[in-house]
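Here are the chains, one letter per residue:
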Amino acid sequence: LARLAGAAAQLGRPERESGDATCPYCGGRAEISLIHGTEGRRYLQCGHCSRLWRFKRTLCPHCGAEGNGILRHIFVDGQPDLRAVVCETCRHYILEADLRPRDMPLEIGHVLSLVMGHLDALAQEDGASPLSLSRPAAARAVSAAEETVH
């Protein structure tokens, strides 16, 4: 695992916070949200190229909504560090793992998604749609604008 984390770290990641849920490297969609470091910074990880980028913790990665009560956490008792984060505005969710209690390297945090299937089920039972299966609102707006030009 240490070698894997080292290799992934060499890919680099932007340290400035982004408000875009589209991967800045390949344009793929965010697959998982990871909370890491003493400051509790939020990173999104691309489901296509696996690269990481910082993302504002209070912002919905799908529609960009922000504010008190916008993002709601669904988790199982005793495991609040593994959760589904549901946006009450657009009803999309992303799985999120807080790596701080596990002291886990950021670059391999995505392996926790393998044990988070029950959270997918809970969020979908709640009527939310997975972020990874939808296009971010900003990308849809650009596509619509391009279609009207052609």
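For the structure itself, consult the block above.
Residues numbered from 1 in each chain as written. Predicted model: local features only at pLDDT ≥ 70, side-chain atom pairs only at ≥ 80, totals over all residues. Heavy atoms only, no water.

## Considerations on the pairing of strand β2 (residues 41–46)
By the criterion of burial, β2 is predominantly enclosed, with 5 of the 6 residues buried. Note that strand β1 (residues 30–36) and β2 share 6 bridges and pair antiparallel. Residue pairing for β2: Ile-32 is matched across the bridge by Gln-45. Here β1 hands over to β2 after 4 residues, with Gly-37 in that stretch at a positive phi of 85°. As paired elements, β2 and strand β3 (residues 52–54) share 3 bridges and run antiparallel to each other. When the sheet's bridge partners are listed, Leu-44 is paired in β3 with Trp-53. Between the end of β2 and the start of β3, which pair antiparallel, lie 5 residues, with Ser-50 showing a positive phi angle near 70°. (Buried < 20%, exposed > 50% of the residue type's maximum accessible area, 1.4 Å probe, protein only. Helix = DSSP H or I, 4+ residues; strand = E, 2+ residues; numbered from the N terminus. Pairing = 2+ DSSP bridges.)

## What about empty space enclosed by the protein?
Counted according to the given criterion, the structure contains 1 cavity of 30 Å³ or more. Its volume calculated, the largest cavity comes out at about 40 Å³. Every residue lining the largest cavity is listed: Cys-60, Pro-61, His-62, Leu-71, Val-85, Cys-87, His-92, Tyr-93, Ile-94 and Leu-131. Of all the secondary-structure elements, those providing two or more residues to the lining of the largest cavity are β5 (82–87) and β6 (92–98). Looking at the lining of the largest cavity element by element, the count peaks at 3 residues for β6. Of the residues in the lining of the largest cavity, the class split is 8 nonpolar, 2 polar and no charged. (1 Å grid on protein atoms, 1.4 Å probe; cavity = no way out; pocket = protein on both sides within 12 Å on 5 of 7 lines; lining within 4 Å. Points joined across faces, edges and corners; volume = space filled by probe spheres on them. Nonpolar A, V, L, I, M, F, W, Y, C, P; charged D, E, K, R; others polar.)

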